[in-house]
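Here is how the chains run, residue by residue.
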Amino acid sequence: METKYYYEEQLTEAAQALKNGKLVAFPTETVYGLGANALLPEAVKEVFLVKGRPQDNPLIVHVSSFEQMKKYVDNLHPLTEKIVKNFWPGPLTMIFEIKKGALPSIVTGGLSTAAFRMPDNKKTLKVIELAGIPIVGPSANTSGKPSPTTAEHVYHDLHGKITGIIDDGATRIGVESTVIDLSDPKRAPMILRPGAVTKEQLEAVIDGKVAIDQHLIQSTETPKSPGMKYQHYSPDTKVMMVRESDWDNAVKWAKDKQIRVGVIAGPRIAEAVRFDVAAVYMYFDDSVEAATKGLFAGLRGLDEKTLGLDLIFVEVFSEEGLGNAYMNRLKKSAGQKYFEN
Ligand code: TXA
Ligand code: MG
């Protein structure tokens, strides 16, 4: 099939296609999602097939309002309204118990809970509203690869397999939403996946404690969110993290060993090493925001076969605030490996 791009004038057409069970990728502020009508099991099944995603990994249900979500949810956590008021639309996904049979079991991977998010993107909110149905949306990449942050990334992975892509340029944040578990009204919210909404921001809003899934701290623990156990964000080229003080050594080591290396970093590091490596993907500036926005695009860019790289070195940030989300994704793509002298 021919995969088409939908622009502003074709949003009604995109909504109609989704409603009818077709697969349409959509932009959000985090990454692009692979959309399908959440109420049609056949359409949702196609999402798993097209991505090559394991069926025990449940999907996020995207809604255009809090009211729409409430139709499906059973036990609202007492903090829900406060959280919604402060963070929706935005990069925050919430997990609740759902009304029995309210969503097809293929959406929830057979769990009694489901994940919900109202994305902060005008085109996508309009499409969900026009379609009048909730839309499932895993990241619109081939399973295992870095998530797509442009419509072209989606096209690269999925063209010929999906009906269309709603193009809205590069995404603002660059990594997937924070996922929090609110399924037990008696327990504090728990972060299952770090994202742009940080623990500190959540705690300030609810004026209380937010827990963190232990697997995010100790790699030996089993994650509570099914998707967190799978290999993720891996280009074909090997990735290594480089600590601040190791850049000179790392570049020298690669040169001595005649390893063709690419570098992903902010201008401060990128400009210092650019003449000693085969390729550079430079973040817009040296902030963790710029790094988070550029990480997946950098990994995809330097994975281009024509560059023929053996190894990609990536800048690290301290694991605080947004740095938590950045390092969570980077560690997965590097298989936890740092350059060691
Ligand atoms: O920013 C995002 O969240 C993007 C955009 C497109 O919205 N979507 C996204 O979806 O990242 P996906 O499918 O790649 O990640 C969903 C995560 C997975 O780790 C999955 O296991 C978890 O949410 N999840 C979904 N439903 C769950 C549930 N009922 N309980 C626990 N974890 C759940
Ligand atoms: Mg994903």
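In the annotation of an unreviewed UniProt entry, the entry for the protein reads Threonylcarbamoyl-AMP synthase, and the organism field reads Enterococcus villorum. Per UniProt, the protein has the following entry under Subcellular location (unreviewed entry): "Cytoplasm".

Quick look at the site of ligand 1 now. As a matter of local geometry, ligand 1 sits amid 25 residues, with Thr30, Asn57, His62, Ser177 and Gly227 nearest to it. A distance of 3.4 Å separates a nitrogen atom of ligand 1 from a polar backbone atom of glycine 137. A distance of 3.4 Å separates an oxygen atom of ligand 1 from a polar atom in the side chain of serine 139. Contact with the protein chains covers 97% of the free accessible surface of ligand 1, which is 690 Å². Put simply, the parts of the chain that give the shell around ligand 1 at least two residues each are strand 4 (60-62), strand 6 (113-117) and strand 10 (190-193). Counting residues per element, the shell around ligand 1 draws most heavily on strand 6, which supplies 4 residues. Classifying every residue of the shell around ligand 1 by side-chain character gives 11 nonpolar, 10 polar and 4 charged.

Let us look at the sheet that holds strand 13 (residues 261-265). Strand order in the open sheet formed by 4 strands is 12-15-13-14, and the pairing between neighbours is parallel. Edge strands, defined here as strands with exactly one partner in the open sheet, are strand 12 (238-242) and strand 14 (279-282). Strand-to-strand twist in this sheet, taken as the mean axis angle between neighbours without regard to direction, amounts to 20°. For strand 13 and strand 14, the ladder comprises 4 bridges, and the chain directions are parallel. Looking at strand 14, one finds that valine 263 is bridged to valine 280. Of the strands in this sheet, strand 12, strand 13 and strand 15 (311-315) touch helix 9 (residues 247-256), which is tilted by about 175° from strand 15.

Here the UniProt-annotated "binding site: ATP" (unreviewed entry) positions come out as Arg53, Asn57, Thr113, Ser139, Ser147, Arg193 and Tyr233. Spanning 181 residues, the named residues do not form one spatial group; their C-alpha atoms are separated by as much as 25.6 Å. Summarising the element assignment, threonine 113 is placed in strand 6. Here threonine 113 falls in the buried class, since its relative accessible area comes to 15%. If we skip the residues at most four places from it in the chain, threonine 113 touches Ile95, Phe96, Glu97, Ile98, Thr108 and Ser183.

Where strands meet in a sheet, backbone hydrogen bonds hold them as pairs that are either parallel or antiparallel. Taking strand neighbours across the sheet as the criterion, the 11 strands line up as 1-8-2-3-7-4-6-5-9-10-11 in an open arrangement whose pairing is mixed. With partners counted over all chains shown, the strands left at the sheet margins are strand 1 (4-6) and strand 11 (211-212), one partner each. In terms of strand pairing, strand 3 (residues 33-37) meets strand 7 (residues 135-136) through 2 bridges, oriented antiparallel. What sits directly across from asparagine 37, in strand 7, is isoleucine 135.

Here the focus is the packing of aromatic side chains. On inspection of all chains with the given rule, the structure shows 10 aromatic pairs. Ring centres of tyrosine 5 and tyrosine 155 lie 5.8 Å apart, and the angle between their planes is 15°; this geometry places the pair in the stacked category. You can see tyrosine 5 sitting in strand 1 and its partner tyrosine 155 sitting in helix 7 (residues 151-158), a full 150 residues away along the chain. Overall, the relative accessible area of 29% leaves tyrosine 155 in the partly exposed class. With 5.1 Å between their ring centres and 20° between their planes, tyrosine 233 and phenylalanine 296 make a pair best called stacked. Highlighted residues: tyrosine 233 in the loop between strand 11 and strand 12 and phenylalanine 296 in helix 11 (residues 288-302), separated in sequence by 63 residues. Every member of this aromatic cluster is reached through a ring pair, and the members are Trp247, Trp253, Phe313 and Phe339. The ring of tyrosine 338 carries the charged tip of arginine 243 above its face, separated from the ring centre by 3.9 Å.

Reading guide: rules and limits
Residues numbered from 1 in each chain as written. Chains lettered and ligands numbered in written order. Predicted model: local features only at pLDDT ≥ 70, side-chain atom pairs only at ≥ 80, totals over all residues. Heavy atoms only, no water. UniProt positions renumbered as here; feature names shortened; annotations may be inferred. Near = heavy atom within 4 Å. Polar contact = N/O pair within 3.5 Å; in protein donor to acceptor, adjacent residues only side chain to side chain. Areas by Shrake-Rupley, 256 points an atom, 1.4 Å probe, with all protein chains shown as cover. Helix = DSSP H or I, 4+ residues; strand = E, 2+ residues; numbered from the N terminus. Nonpolar A, V, L, I, M, F, W, Y, C, P; charged D, E, K, R; others polar. Pairing = 2+ DSSP bridges. Axes fitted to C-alpha atoms, helices over the stretch in contact; angles between N-to-C directions. Contact = heavy atoms within 4.5 Å. Buried < 20%, exposed > 50% of the residue type's maximum accessible area, 1.4 Å probe, protein only. Phe/Tyr/Trp six-rings, centres within 6.5 Å; stacked < 30°, edge-to-face > 60°. Lys NZ or Arg CZ within 6 Å of the ring centre and 35° of its normal.

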